[in-house]
Amino acid sequence: MTRTFTPDRIEKFERLLEAERTEAKARLAEHLEGIDEVRVARSDAAADDEHDPEGPTMTQEWSQRTAVLADAEAEVADVERALSRLAQGTYGTCERCGKPITVARLEARPTATLCIDCARLVR
Ligand SMILES: [Zn+2]
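Residues numbered from 1 in each chain as written. Predicted model: local features only at pLDDT ≥ 70, side-chain atom pairs only at ≥ 80, totals over all residues. Heavy atoms only, no water.

K.L.:
Would you take a moment to explain the pattern of salt bridges for this structure?
P.N.:
Under the defined criterion, the tally for this structure stands at 11 salt bridges. Two residues, Glu75 and Arg27, come together in a salt bridge whose shortest N-O distance is 2.4 Å. Of this pair, Glu75 sits in helix H2 (residues 55-88) while Arg27 sits in helix H1 (residues 7-48); the two residues are 48 residues apart in sequence, bridging distant segments of the chain. The exposure class of Arg27 is partly exposed, given its relative accessible area of 32%. Across the pair Asp117 and Arg120 runs a salt bridge, and its minimum N-O distance is 3.8 Å. In this pair, Asp117 and Arg120 are both assigned in helix H4 (residues 116-122), three residues apart and thus about one turn of the helix distant. Three or more residues joined by partner-sharing salt bridges are found here, namely Arg21, Lys25 and Glu80. (Salt bridge = Lys/Arg side-chain N within 4 Å of Asp/Glu carboxyl O. Helix = DSSP H or I, 4+ residues; strand = E, 2+ residues; numbered from the N terminus. Buried < 20%, exposed > 50% of the residue type's maximum accessible area, 1.4 Å probe, protein only.)

Shown next, in the form of structure tokens:
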């Protein structure tokens with residue numbers, strides 16, 4: 001197997017991904033905090049009044065928040081997976097066709113698992 005990833009480059013992406021992981025985790029923590037606030041506000045509203053005008057808005061807010069939270073969780077998981085691929089030496093290899101993913105693409109999107117051609121086919 002030809003390794004397009006020299007130790008230098010691996011180190012560079014490791015730093016990139018670690019920075020990305022820190023950011024993703026910070027965002028996740030923020031969303032978790034936000035969702036806690038909504039959770040508290042929601043149970044207050046429910047206990048408060050049977051016909052509370054905030055009801056539907058709260059539910060909408062809740063589903064938006066849970067969607068954003070799920071995204072943030074997925075983002076952290078993506079970065080974790082990329083880091084473990086990097087450790088295993090499979091980082092930068094397309095999961096679909098096995099060809100190398102270009103460095104330019106990885107620089108733009110360090111968690112990419114597909115080469116540009118496969119990404120176009122899948123999406
Ligand atoms: Zn591919």
